[in-house]
Amino acid sequence: MSKTVLIADDEPNIVISLEFLLEQAGYRVLVAHDGQEALEAIARQPPDLVLLDVMLPRLSGFDVCQKIRENPDWQHMRIVMLTAKGREVEISKGLALGANAYITKPFSTQELLAQIGAQLAVE
Amino acid sequence: MANRTLRAQRLVAVFMLGCLLFSYPLLALFDSGGEVFGIPLLFAYLFGAWALLIVAMILVVERSNR
Amino acid sequence: MPLGGLILLTSCAYLGILFAIAYWGDKRADAGRSIIANPYIYALSLAVYATSWTFYGSVGRAAASGVGFLPIYLGPTLMAALFWLVLRKMIRISKANRITSIADFIAARYGKSALLGGLVTLIAVVGVIPYIALQLKAVSSSFLILWQYPTIQMPNQGEALGPLQDTALYVALLLAIFTILFGTRHLDATERHEGMVAAIAFESLVKLLAFLAVGLYVTFGLYHGFADLFEQAARLPDVDQLLTLGGPAGTYGSWGSLIFLSMLSILFLPRQFQISVVENVNENHLAKAIWLFPLYLLAINIFVLPITFAGLMHFPAGTVDADTFVLTLPMALRQEWLALLVFIGGLSAATGMVIVETIALSTMICNDLAMPLLLRWKALGLAQRTDLSGLLLGIRRGAILLLMLLGYVYYRAAGEAYALVSIGLVSFAAVAQFAPAMLGGMYWKQGTRAGALSGLSLGFLLWLYTLLLPAFAKSGWLPLSFIEQGPLAIAWLKPLALFGLAGLDEIGHSLFWSLLANLGAYVGVSLFGRQSSREHAQALLFVDAFKVAGRGSSLWRGSASVTEVIALVGRFLGPARAGEAFAGYAAQRGLASSAELVPDADLVHFAEQQLAGAIGAASARVMLASVVQEEPLGMDEVLGILDEASQVIAYSRRLEQQSHELETATGELRAANARLQELDRLKDDFISTVTHELRTPLTSIRAFSEILNDNPELDPAQRARFVAIIVKESERLTRMINQVLDLAKLESGRAEWHTTALDLKEVIEDAQATTSQLLQEQGVELRLELPAQIPPVLADRDRLLQVLLNLISNAVKFCDREAGRIGIAVQVLPEALRVDVRDNGAGIDPADQQTIFEKFRQAGDNLTEKPQGTGLGLPISRQIIEHFGGRLWVQSARGQGATFSFTLPLGQANAAATDAGRETEYGV
C-alpha cells in the first residue's frame, strides 16, 4: 500500500508541480490550499507525511505543525516544512515545533523526493 | 583656624570693654575732679583704662600666637 | 644765639637721611631682602596717623578742652581691637583683587564702577586738602617761630605776606619734590613703596622720641614729676574745667562722636589705607600692630597734659598760641637743641603725613579720575599708545604737585580761621563718608552700586554744606550771614543747625546728618534696587573674602591672545616689567617662558590684576575688554559658580547638571538606536519579504523546468501546460523585480519624471484601451463618466497611466465574478481633479483599508483564495500620486464594492519647476 502525502500550499502552480512529482514517485497525494483545510484533511484521513508550507493563509504552517503534534494519534506523522524564507530562525522554530525536516524554496526536485523518501523510510 | 576665630572673638570682647570704659556712664564716675597720688582722677582713669586695654590686647594676641 | 642756618642745615640733613633710608629700603626690596617685612616696622608706619596735628595740635586742644584731645586716639585704640576682624579682611580683599586705594576698593566692590571710583577720589581730595593745608601751616609756622629764636613771636600776626615771601609755599614745593622723588620713582603693579614705608617708620620713631624728650624734660626737668606738675597747675584759673568733661550730656555726646569719627578715620583716611592695607607685606604683622599701635598712641599722648599745663603756667595767657607750646617751651627755657629736635619731630610728623597722603591721593587721581577719562577720550588715541608708563608717572607727579599747591591755597585762604585740630576734624568727617560703602561692601552682599553712589553723594553734599561751607564762611569766602541766618535767611537751612538741630557741636552735627543720609541712601537704594551680575560676583568676592580666596578668575569666560594681553599690560607697566611679570607667572605654572602660556581665565585675571595695580580696577577692566572677547556673564552662571560662596554647592550642582545632560544624551542615544533598529528591522522585513515573494515564482519555474528536464517522454499537452506555467511565472517574476526596483527608485527620490500639462481624459481613455483585452477576458464592463471639459493637470503621463492601470486591474481582480462592473468618474473640484475607480466586488474590510497600501500586503491574506499580484501596486501608486501633490485613498464597506480615489491638484506651476530641476539633476 502506497504512502499518503498531504500537500499544504497556497501557490497553485507549486501545488501542481508537487502533485505531479509525488504521483510520479508513486505516492497517494492529497491537497490543501490553506492551514485550516490542511487540518481538516488530516482529520478526515491522516496522511503518512505532510508537506507543509509555512506561509499559509488562515492558519500558518507553524500552527498546523503544532496542532498535529498536540494530537497523540498523529505523533508518528512525518512533517516536512517548506518555506521561501530560508532563515535559520524559521528552520529552528519549525524543528522545535515538531517538524522532521525542512526544505527551502526554490527546491531541487531530486532532493525533495530524496528527503520525502528518507522520512517515510524511517518508520 | 579655630585659634584664629577665638582670637577674633576675644579681641571683639576687648573692643566692647573699651567702648564701655570710654563712655558714659562709667566715664562720669571718674569725672568728679578728684585725684589719685596727686594725679587728676579723670586723667589717671583714662590713661589707666587705655593701658589696661593694651595689656588685654597683648595677652590676647601674643598668647594665642604660641 | 640765632639758629637760622642750623635749622635749614638740620632740616636738609634730616630729609637727606629720610631719602637715604627710602633708597636703601627700595634697594633691599629689589634684592628680595625686605627691611620692612617685620611687624614692628609695620606698627610704626601705622603711626603716620599721628601728624603735626598730634605733635603740636594735641597740646593746643588740651589747653582749650582738657582731656578733649583724647577721643582722637581712643577711637583708633578701640578700632585696633577690631583690626583682626576688619582690617585683615580689607587686606585680604585688596591683595586678592590688587586694590591700590580706597577709591579702587569701592569701585571694585560695586562692579568695578569707574563712576564710583571717580566720586570717591573727588571726596577724598576735597576732604583731605584741608588736612594737607594743616601740615603746611604747622611746618611753616614752627619754622618761623624757631627762626626767631631766642625771641618767641607768633608769626603772621597782622602782617600780610606775598606768596613769594611765604615760607609755606616753599615748604609745599619742597615737600612736593620730595614726595615725587620718594613715591614715584617707578611704577609698580602692586603700588607698594617699601623704601617709603621704611622712612615713615623712621619718622614715627623720630616724632615720638622728640615729643617724649620734651615731655620728660618738662615733667621731670622743670617739675618733679607728674604729681608736682599737677599740684602746681591746680592753682591755674579754670583748671578744673580742663580736668573734667563738664556735666551736661552734650559733652559726653561730642566725646562719643569724636571717638566714633576717629575709629572710622583710622580705617578710611587715604594714607591709613595706603600704609595699613596697600603697603602691608604680611597680614600676620597685623597681630602685633593691634597692641603696638595703641601703645604708640598712648606714649605720644601721655605728656600732652603736662606740657599743656606747663605752657599755660609759663606763658601769660594770650601771648603764645597753645598749638606751639611743644616748641616754644624749650625755646623759652633756652634749650636750643631740644627745640631743634622738636622742630625735626614736627617736620617728621608733617612730612610723613604729606608724603603718604599725596602718594595715596595721586594714585587715586591717576587711576580713578584721570585714566578713565583719558582712555575714554578717543581723540588722544591712548588706547593705541605702546608705552603708557611714562604718562602714568607724569600724571602722578602732576597730581602730587597739584595737591600740594591746593593745600597751600587752602592754607592761605582758610587756614588762619581754624586751630589745627579743627581742620583735621573736617577731613575726618569727609573720609567717614566712606564707611557705609566700605563696611557695607565688606559685610553686606546686597549693597549695590546705585546705593553706594547715592549714599556717598548725599553724605558728601551734606558734609560740604554743614562743615566745609561754614569753614569758608568763617574764612570770609562766604558772608557770615550764611551761618548765622541760613541761606536766604531760611532758618531751618542754617548749616550748623540743619532742620533746627541744635545742641550738638559742629562735628557731631555734621557727622549725624551726613552719615544718616549716607547710610540711609546706601541701604535704602540697595534694598530697592537690583545688582548686575558683575556687581553680585564682586560682592561675593568681597564679602566672602575669607572663604573664596583667589576665585576671581573663574568668573571670566572668553577668549584672548596671549601676545595681545602681554602687549596691553606692557603699555602701562612698560614692556620690560610686563615681560618680567608674565615670565614669572609662566615660571610659577612650570612653563619655560611666557610664550607657552595659554590664554585662559587665569591669565586674563592675572593681567587684570597687573593692570589694576597701575591704572585701577575699573580702567583695567575697560582696557582688557579691548583685547579680550568677553562673553557676557549671566546671572545664573555667577550664581551657579559662586552663590553663597559655597563652592561645594556649585560643584555638586555642576555635577548634577552634567549627569542630567548625560542622562538626556543617553536617552536620545537610546531613542536613536531604537529608531535605527526599527529601520533595520523594517529593512530586514522588506528584504525578507521581497526574497520570499521572488522565491515563490522562482520555485515554480525551477520545479517545472526540472520536471521537463527529467521527463522527456511527457505527453505534448502536459508539456505545453507546464511550459505555459513557466512562462507565466517568469513574467510574474520579471514584473515583481521591476516593481521592487520602481518602488525603491520612488522612495529614494531617484525616479525620473517627465512632467507636462496633460489632458486627463486622454490618459483615462488610453488606460481603458490598454486594459480592454483583460476586461474582455474577465467579462468586466468598464464605464467612464467624464465631464465634457477637464482642465489640464501637470503630471508625468506614463506614471499617471501606471496608476490608472493598477487601479483598473485591481478592480478587475476584486469585482463581482459574474457581472463585474467598473466605473471611472472624474470630478472637477475648485483646486483639484478627483478620479474615482469603483468596482462592485466584495469590498474591503475597514481593518484592511490601510494595510493594503503597505508593501506586499494584500487584502485577503487571510482568505482561502490568494489574490493575484505582487502587493506592490498600491504602494507605488500612492507614491506617484503623492509626488504630484495629490492623495490616494479607498472607501469601501463589506459587500458594497470598493472605490479607490485620487486627487491631482490644479495649477501646479511650482511642482513642475521642481520636477524640471530634478530632471536635469538625475536625468539620463
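Model, not experiment: these values are computed from the prediction.

**Points about the overall build of chain C**
Looking only at helices and strands, chain C has 36 helices and 9 strands in total. Across the 924 residues in chain C, those meeting the buried criterion constitute 56%. Counting contacts in chain C only where the partners sit at least 6 residues apart, residues at least 24 apart contribute 80% of the total. Surface accessibility of chain C: about 37,900 Å² in total, with carbon and sulfur atoms responsible for 59%.

**Thoughts on the pattern of salt bridges**
Residues and elements named next belong to chain A. Applying the stated rule across the entire model yields 14 salt bridges over all chains. A salt bridge links D34 to R58; the nearest nitrogen and oxygen atoms lie 3.3 Å apart. With D34 in the loop between β2 (28–32) and α2 (35–44) and R58 in the loop between β3 (49–53) and α3 (61–70), the pair connects residues that are 24 residues apart, well separated along the chain. A residue is classified by how much of its surface remains accessible, and D34, at 0% relative accessible area, is buried. K105 is the salt-bridge partner of D53, the closest N and O atoms lying 3.4 Å from each other. One end of the pair, D53, is in strand β3; the other, K105, is in the loop between β5 (101–104) and α5 (109–122), with 52 residues separating them in the sequence. Among the residues examined, D53 registers a relative accessible area of 3% and is labelled buried. K105 sits in the buried class, given a relative accessible area of 3%. Through salt bridges with shared partners, one network takes in D9, D53 and K105.

**Focus on the sheet that holds strand β7 (residues 832–839) of chain C**
Residue and element names in this part refer to chain C. An order of β4-β6-β7-β9-β8 is seen for the 5 strands of this open sheet, with the pairing classed as mixed. Edge strands, defined here as strands with exactly one partner in the open sheet, are β4 (781–785) and β8 (888–892). Averaged over all pairs of adjacent strands, the angle between their axes in this sheet comes to 15 degrees, without regard to strand direction. Pairing analysis gives 7 bridges linking strand β6 (residues 821–828) to β7, with the strands arranged antiparallel. Its bridge partner lying in β7, I824 is registered against V837. Relative to the sheet, helix α33 (residues 797–814) contacts β6, β7, β8 and β9 (898–905), its axis offset from that of β9 by approximately 170 degrees. Those strands touched by helix α35 (residues 873–883) are β8 and β9, and its axis lies near 125 degrees from that of β8.

**Quick word on the interface of chain C and chain A**
Across the boundary between the two partners, chain C contributes 27 residues, which contact 25 residues of chain A. Interface of chain C and chain A: buried area, both sides summed, is about 2,300 Å²; carbon and sulfur atoms make up 57% of it. Applying the counting criterion to the chain C and chain A interface returns 1 salt bridge. Connecting chain C to chain A are 6 residue pairs in polar contact (both at pLDDT 80 or more). Of all the elements in the fold, those that place two or more residues in the side of chain C that touches chain A are α30 (647–710) and α31 (716–748) of chain C.

**Considering the nonpolar core**
All names here are of chain C. Core analysis: the largest hydrophobic core is formed by 212 residues, its most contacted members being F83 and F434. For this core, the element with the highest residue contribution is helix α7 (residues 114–147), accounting for 19 residues. Split by domain, the residues of this core number at least three in each of domain 1 (4–377 + 399–432) and domain 2 (447–533). The residues touching F83, leaving out its near neighbours within four places in the chain, are L46, R88, I266, L267, L286, I290 and F293. In this structure, V793, C815, I852 and A898 belong to the second largest nonpolar core, which totals 47 residues.

**Quick notes on the packing of aromatic side chains**
By convention here, two paired aromatic rings are described through the distance between centres and the angle between planes. Residue and element names in this part refer to chain C. Going through the model one piece at a time under the given rule, you end up with 30 aromatic pairs over all chains. Consider the rings of F55 and Y56, whose centres lie 5.1 Å apart with planes at 85 degrees: the pair is edge-to-face. Summarising the burial analysis for this pair, F55 and Y56 share the class buried. Connected via pairs of aromatic rings, a cluster forms that spans Y49, W53, Y73, F83, Y131, F293 and F428. Above the plane of the ring of W84 lies R88, whose end atom (NZ or CZ) is 4.5 Å from the centre.

**Quick look at the side chain of S276 of chain C**
All names here are of chain C. The residue S276 is located in helix α13 (residues 270–278) in this model. Assessed through its relative accessible area of 2%, S276 is described here as buried. Within the structure, S276 has its side chain in polar contact with the backbone oxygen of Q272 (distance 2.5 Å). Those residues in contact with S276, other than ones at most four positions away along the chain, are Y42, L46, L87 and I91.

**Some points on the interface of chain C and chain B**
For interface size, the figure often reported is the accessible area lost on association. Contacts between the two partners involve 37 residues from chain C, matched on the other side by 32 residues from chain B. Of the roughly 3,100 Å² buried at the junction of chain C and chain B (both faces included), carbon and sulfur atoms supply 79%. Sorting the residues of chain C by area buried against chain B places W84, Y252 and W291 of chain C first, and these three jointly supply 20% of that buried surface. Put simply, chain C and chain B have 1 salt bridge between them. As a salt-bridge pair, E62 of chain B and K288 of chain C come within 3.7 Å of each other at their nearest N and O atoms. If you look at where chain C meets chain B, you find 3 residue pairs in polar contact (both at pLDDT 80 or more). When residues of the side of chain C that touches chain B are traced back to their parent elements, those giving at least two are α4 (71–83), α10 (225–233), α12 (249–268), α14 (285–301) and α15 (304–314) of chain C. In terms of residue count, the dominant contributor to the side of chain C that touches chain B is α14 of chain C (9 residues). Residues that form the side of chain C that touches chain B fall into these classes: 29 nonpolar, 5 polar and 3 charged.

**Digging into the pairing of β6 of chain C**
Residue and element names in this part refer to chain C. Sheet topology note: the β4/β6 ladder contains 5 bridges and is parallel. From the neighbouring strand, E785 faces β6, where its bridge partner is A825. Counting the residues that bridge the hairpin from β6 to β7 gives 3 residues.

**With respect to the sheet that holds β5 of chain A**
All names here are of chain A. Read from one edge to the other, the open sheet built from 5 strands follows the order β2-β1-β3-β4-β5, with strand pairing classed as parallel. With one partner strand each, in any of the chains shown, β2 and β5 form the two edges of the open sheet. Going across the sheet, the axis of each strand differs from the next one's by a mean of 20 degrees, ignoring polarity. As defined by bridge partners, strand β1 (residues 4–8) adjoins β3 across 4 bridges and the pair is classed as parallel. Paired with A8 across the strands is L52, a residue of β3.

**Quick look at the confidence of the model for chain B**
Of the residues in chain B, 88% reach a pLDDT of 70 or more, and the chain-wide mean stands at 81. Per-residue pLDDT, averaged within each element of chain B, yields its smallest value for strand β1 (residues 35–36) of chain B (76) and its largest for helix α3 (residues 41–63) of chain B (88).

**Observations concerning the packing of helix α32 (residues 760–778) of chain C against α33 of chain C**
Residue and element names in this part refer to chain C. Where α32 contacts α33, the two axes come as close as 9 Å, and the packing angle between them is 35 degrees. Considering how the two elements wind past one another, α32 and α33 form a crossing that is right-handed. For the pair α32 and α33, contact is made by L760, E762, V763, I764, D766, A767, T770, T771, L774, L775 and Q778 and by R797, L800, L801, L804, L805, I808, S809 and V812, respectively.

**Examining the confidence of the model for chain C**
Across chain C, pLDDT averages 79, with 84% of residues at or above 70. Scored below 50 in pLDDT, residues 549–558 of chain C makes 26 contacts in the model with residues more than four places away or belonging to other chains.

**Details of a nonpolar patch on the surface**
Residue and element names in this part refer to chain C. Residues Y170, L173, L401 and L405 make up a contiguous nonpolar surface patch of roughly 310 Å² in combined accessible area. Only α8 (167–183) and α18 (389–414) provide two or more residues apiece to the nonpolar patch. With respect to the helices and strands, L401 occurs in helix α18.

Quick notes on the rules
Residues numbered from 1 in each chain as written. Chains lettered and ligands numbered in written order. Predicted model: local features only at pLDDT ≥ 70, side-chain atom pairs only at ≥ 80, totals over all residues. Heavy atoms only, no water. Helix = DSSP H or I, 4+ residues; strand = E, 2+ residues; numbered from the N terminus. Buried < 20%, exposed > 50% of the residue type's maximum accessible area, 1.4 Å probe, protein only. Contact = heavy atoms within 4.5 Å. Areas by Shrake-Rupley, 256 points an atom, 1.4 Å probe, with all protein chains shown as cover. Salt bridge = Lys/Arg side-chain N within 4 Å of Asp/Glu carboxyl O. Pairing = 2+ DSSP bridges. Axes fitted to C-alpha atoms, helices over the stretch in contact; angles between N-to-C directions. Buried area = accessible area lost by both parts, 1.4 Å probe. Polar contact = N/O pair within 3.5 Å; in protein donor to acceptor, adjacent residues only side chain to side chain. Core = buried A, V, L, I, M, F, W, Y, C linked by side-chain atoms within 4.5 Å. Domains from an automatic or database assignment. Phe/Tyr/Trp six-rings, centres within 6.5 Å; stacked < 30°, edge-to-face > 60°. Lys NZ or Arg CZ within 6 Å of the ring centre and 35° of its normal. Nonpolar A, V, L, I, M, F, W, Y, C, P; charged D, E, K, R; others polar. pLDDT = per-residue confidence, 0-100. Left-handed = near helix turned anticlockwise from the far one by under 90°. Patch = residues over 30% accessible without salt bridge, like charges linked within 9 Å, V, L, I, M, F, W, Y side chains within 5 Å.

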